[in-house]
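An overview of the molecular structure
Next come the chains, spelled out residue by residue.
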Amino acid sequence: MSNLLDWTPSKISDKRQRTDFSLIRQLVDLLPCSIFWKDTESVFLGCNKDFADSAGLDDPSQIVGKTDFDLPWSKNECAAYQADDKHVMASRQSKLNIEETVTLSDGSCRNLLTSKVPLFDDDGSVSGVLCFFMDITERKQAELELESAKKAAEAANVVKTEFLHNMQHDIRTPFTGVLGIAHLLESDEPDPERRGYLQDIIKCSQQLLDYCSTISEYAKIEGGEFSVIDKPFSIKDLCVSVVDLEKLSAVHKNIAFNFNFDDSLPDTVISDPSRVKRILINIISNAIKFTHQGSVDFNVSLS
């Protein structure tokens, strides 16, 4: 074994060498990981302070001559560690980033990320194994918590998706019934004022159905089924339908709602009418919502 790993002071005669070895030992002790090395029989030849602390030793020198079975690890852990030692030495290949557990002197179980490399004599023969590991318990705990949160979010998303799909029937069907009955009553109502009220009910019911359609579209977006449908439609008629839906809100707030459409615009455009309508409804409804006095102006022109 190279003297670089031998910290026995009596074997170091030169003062400069003793100084160099003292510096090396300080550096090894300051590394943010546990380090130890063994001979070909898996007997410890040395370690740094971090490893000595985890093994319940007062000083790194106390590790010399011990095996894993002399430390507070479980028998199964010790057998696994020595099996890895033999594999690394027999294959003459490093074994890197092994995730394993260890039972410390205080009885706590920790997760480790371990790497082992073979050590060689000057003649090229294997003389032992060097190991270093980092405690990744907190990281593993964070990963478990993240995985748990991910599963909870996925479960919540499944519930939400099921609700959105069920809404197509459970909510749209009653609204469709209300809309149909309102149409029947409106067509048979002779009184102009009452007919106006029924028309308001029809418009509000239609708006609620539109909201249901929008929510259904969100479900399609999350399910990867979202698509834009381009087709010709009357932009003026669409704007008028939006105004008819939203002007009641302005009336209830006692604010003026002015609609101006530039008649020089082409009547027919090509786009997705349902999404254009949804955008206009969102903009105008927010304008009315946050306007407490004065007026809301809806102007459509070519800029």
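For clarity, every value in this text was computed on a predicted model and none was experimentally measured. (Residues numbered from 1 in each chain as written. Predicted model: local features only at pLDDT ≥ 70, side-chain atom pairs only at ≥ 80, totals over all residues. Heavy atoms only, no water.)

Comments concerning the confidence of the model for the chain
Our working rule: pLDDT is a residue-level measure of predictor confidence that goes from 0 to 100. We call two residues in contact when some of their heavy atoms are within 4.5 Å.
Here the chain averages 83 in pLDDT, while 86% of its residues score no lower than 70. Under a pLDDT of 50 for its full length, residues 1-5 has, in the predicted model, 12 contacts with residues more than four places off or in other chains.

What about the nonpolar core?
Where we set the bar: To qualify as a nonpolar core, a set must consist of buried Ala, Val, Leu, Ile, Met, Phe, Trp, Tyr and Cys residues joined through side-chain atoms within 4.5 Å. Here's how the labels work: a residue is buried when its accessible area is under 20% of the maximum for its type, exposed when over 50%, partly exposed in between, all with a 1.4 Å probe on protein chains only. The secondary structure listing takes helices from DSSP runs of H or I that are at least 4 residues long and strands from runs of E that are at least 2 residues long, numbered from the N terminus.
Within the largest apolar cluster, 19 residues are counted, with the highest numbers of intra-cluster contacts made by Cys 239, Phe 257 and Phe 298. Mapped onto this core, the elements with two or more residues apiece are α7 (235-252), β7 (256-261), α8 (273-289) and β9 (295-300). No other element matches the seven residues that α7 contributes to this core. For Cys 239, the residues in contact, after removing those within four places along its chain, are Phe 259, Phe 261, Leu 280, Phe 298 and Val 300. Listed in part, the 17 residues of the second largest apolar core include Phe 44, Ile 63, Cys 78 and Phe 133.

Considerations on α8
Rules: Under the convention used throughout, the expected extent of a helix is 1.5 Å for every residue step, that is, one less than its residue count.
Helix length check: α8 (17 residues) gives 24 Å between terminal C-alpha atoms against 24 Å at 1.5 Å per residue, within 8%. Every buried residue of α8 is accounted for by Pro 273, Arg 275, Lys 277, Arg 278, Leu 280, Ile 281, Ile 284 and Ile 288.

Quick word on the state of the cysteines
The line we're drawing: Pairs of cysteine sulfur atoms within 2.5 Å are identified as disulfides in what follows.
Per the counting criterion, the structure on display carries zero disulfides. Cys 33 carries a free sulfur, and the closest cysteine sulfur to it, the one in Cys 131, is 9.2 Å from it. A relative accessible area of 13% places Cys 33 in the buried class.

Describing the side chain of Ser 54
Going by this rule: Here a polar contact is taken to be a pair of N or O atoms separated by no more than 3.5 Å, where protein atoms must pair a possible hydrogen donor with a possible acceptor and residues adjacent in sequence count only if both atoms sit in side chains.
Tracing the sequence through the fold places Ser 54 in helix α2 (residues 49-54). Polar side-chain contacts of Ser 54 include one of 2.7 Å to the backbone oxygen of Phe 51.

Here we look at the sheet that holds strand β4 (residues 109-120)
Strand pairing within a sheet occurs via backbone hydrogen bonds; the two strands may be parallel or antiparallel. For clarity, the threshold we go by: Here, strands pair whenever DSSP counts at least two bridges between them. Axis definition: a line fit to C-alpha positions, over the contact stretch in the case of helices; interaxial angles, taken between N-to-C directions, run 0 to 180 degrees.
Taken in spatial order, the five strands line up as β2-β1-β5-β4-β3 in an open sheet, and their pairing is antiparallel. On the outer flanks of this sheet lie β2 (44-47) and β3 (95-103), each paired with one strand and no other. Within the sheet, the average angular offset between the axes of one strand and its neighbour, ignoring direction, is 30 degrees. Strand direction decides the pairing type here: strand β1 (residues 34-38) and β2, joined by three bridges, are antiparallel. Considered in β2, the bridge of Phe 36 is made with Cys 47. Against the sheet, helix α3 (residues 75-91) makes contact with β1, β3, β4 and β5 (126-135), and its axis sits at roughly 165 degrees relative to β3, the strand it touches most.

Here's the deal with the environment of Ser 271
Its location among the elements puts Ser 271 in strand β8 (residues 268-271). Not counting chain neighbours up to four residues away, the residues in contact with Ser 271 comprise Ile 229, Asp 230, Lys 231, Phe 233 and Val 276.

Some thoughts on the environment of Ile 283
Mapped onto the elements of the fold, Ile 283 is located in helix α8. Between the C-alpha atoms of Ile 283 and Phe 298, which are 15 residues apart in sequence, the distance is 9.8 Å.

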